[in-house]
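Working through the structure, step by step
For reference, the chains in residue letters:
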Amino acid sequence: MPAHRDPPTVVRHDAEHLRRFLAARRAGDAAAMRRWWEALVIDVFDRVDGLVAATHRGRLDDDEHELAVQLALVRISTNLMTTYAGTSMGELVNAIRTLCHGICIDVQRRSQARRARERLELDAGWNLDRDAARGAQPWAEGDEAVRRHERQQQQREREDFLDWALPQLNGNRGEVLRMTLDGVPLDDIAATLQTSRDNAHQLRSRGIKDLKKLKERYDG
């Protein structure tokens, strides 16, 4: 029976956090807006994974799917707070769905461009002398390759930070975040840790706050 009571509880959390965010927006209270928006981001964490999967329908591989989820969460945390003009959870979910759609297309295009570049570089390596003799420029897309390298470097830096930070989290917070980043649904996380869904939710919320503090130390 508890499994049947969980969804309404989550909805009430969503609705209450959205109500408080809207009130802060009307009052022009930026700090309160950020506080309640962060709560909403945590509320929709699992939903984003599902929306990304429903959008690409297997067209992204596991790594690309995970990247799309991460990018979606980042943009929800930053850009969407200032652009969202709705007043209901339905409108918010639709906005997130649209955001996920655009991100999935972007991730797929990046992956296709990367594979095309790798083929170009391989061909250029075999034909370098011939191309040079003909005055060809096999690295005409060098600037774009540099930008892609920078994005990959940022991803590696993020992974390095998580490798450093997660072991420092108290109790089960690190384990909850590891499973969350691996795409494990909150109900499954709770079952693995033999705890309630609400407690797993609290562990994840506190873990995210701890990560923000550790990021300040890490960058410093």
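Overview of the structure. As a convention, each chain's residues are numbered from 1 in the sequence order in which they are written. The predicted origin of the model limits local features to residues at a pLDDT of at least 70 and limits the giving and counting of side-chain atom pairs to 80 or more, whereas totals for whole chains, interfaces and linings rest on all residues. Note that water and hydrogens are dropped before the side-chain values are worked out from all heavy atoms of the structure.

Digging into a positive patch on the surface
Grouping into patches uses exposed residues only, defined as over 30% relative accessible area, and leaves out salt-bridged ones; the cut-off is 9 Å for like charges and 5 Å for nonpolar side chains (Val, Leu, Ile, Met, Phe, Trp, Tyr). Accessible surface is estimated by sampling points in the Shrake-Rupley manner with a 1.4 Å probe; for residues, cover comes only from the protein chains shown. Whenever a carboxyl oxygen of Asp or Glu lies within 4 Å of a side-chain nitrogen of Lys or Arg, that contact is scored as a salt bridge. The convention is simple: Lys and Arg are positive, Asp and Glu are negative, and His and the chain ends are not counted. In this description, the location of a charge corresponds to atom NZ of lysine, CZ of arginine, CG of aspartate or CD of glutamate. A surface patch of positive charge is lined by R35, R206, K209 and K213. Helix and strand definitions here come from DSSP, where helices need a minimum of 4 consecutive H or I residues and strands a minimum of 2 consecutive E residues; each element is numbered from the N-terminal end. For the positive patch, the element with the most residues is helix 11 (residues 197-219), which contributes 3 residues. Of note, R206 is situated in helix 11.

Digging into the packing of aromatic side chains
Here is the rule: rings of Phe, Tyr and Trp (six-membered ring for Trp) pair when centre to centre is within 6.5 Å. Planes less than 30 degrees apart are stacked, more than 60 are edge-to-face, and the remainder are tilted. Within this structure, the stated rule accounts for 3 aromatic pairs. Taking the centre distance of 6.1 Å and the plane angle of 40° together, the rings of W37 and Y84 count as tilted. With W37 in helix 2 (residues 30-43) and Y84 in the loop between helix 5 (79-83) and helix 6 (89-126), this residue pair connects regions lying 47 residues apart in the sequence. Each member of the pair W37 and Y84 is classed as buried. Three or more aromatic residues joined by ring pairs make a cluster, and in this case those are F21, W37 and Y84. Summary of the burial criterion: residues with accessible area below 20% of their type's maximum are buried, those above 50% are exposed, and those between are partly exposed, where the area comes from a 1.4 Å probe applied to protein chains only.

Considering the pattern of salt bridges
Following the criterion strictly, the structure yields 8 salt bridges and no others. The closest approach of N and O atoms between R47 and D14, which form a salt bridge, is 3.7 Å. Of this pair, R47 sits in helix 3 (residues 45-56) while D14 sits in helix 1 (residues 2-27), and the two are 33 residues apart along the sequence. With a relative accessible area of 33%, R47 lands in the partly exposed category. Take D14: its relative accessible area is 2%, and that puts it in the buried class. Among the ionic pairs, R178 bridges to E175, the shortest N-O distance being 3.7 Å.

Examining the packing of helix 3 against helix 4 (residues 62-77)
Interaxial distance between helix 3 and helix 4 falls to 10 Å at its minimum, and their mutual angle equals 130°. Judged by the angle between their axes, helix 3 and helix 4 are oblique. Considering how the two elements wind past one another, helix 3 and helix 4 form a crossing that is right-handed. In contact with F45, V48, D49, V52, A53 and H56 of helix 3, helix 4 contributes H65, A68, V69, A72, L73 and I76. Charged means Asp, Glu, Lys or Arg here, nonpolar means Ala, Val, Leu, Ile, Met, Phe, Trp, Tyr, Cys or Pro, and polar covers whatever is left, Gly included. Among the residues forming the contact of helix 3 with helix 4, the class breakdown is 9 nonpolar, 2 polar and 1 charged. In this analysis an axis means a line fitted to C-alpha atoms, helices contributing only their contacting stretch, and an angle means the value between N-to-C directions, from 0 to 180 degrees. What sets the label is the angle itself: under 35 degrees gives roughly parallel, over 145 gives roughly antiparallel, 65 to 115 gives roughly perpendicular, and the rest give oblique. With the far helix as reference, a near helix turned anticlockwise by less than a right angle produces a left-handed crossing, and one turned clockwise produces a right-handed crossing. We call two residues in contact whenever any of their non-hydrogen atoms come within 4.5 Å of each other.

Section: a negative patch on the surface
Taken together, D61, D62, D63, E157, E159, D160 and D163 make up a surface patch of like negative charges. Contributing elements (two or more residues each) for the negative patch: helix 4 and helix 8 (142-165). Ranked by residue count, the leading element in the negative patch is helix 8, at 4 residues. By secondary structure assignment, the location of D160 is in helix 8.

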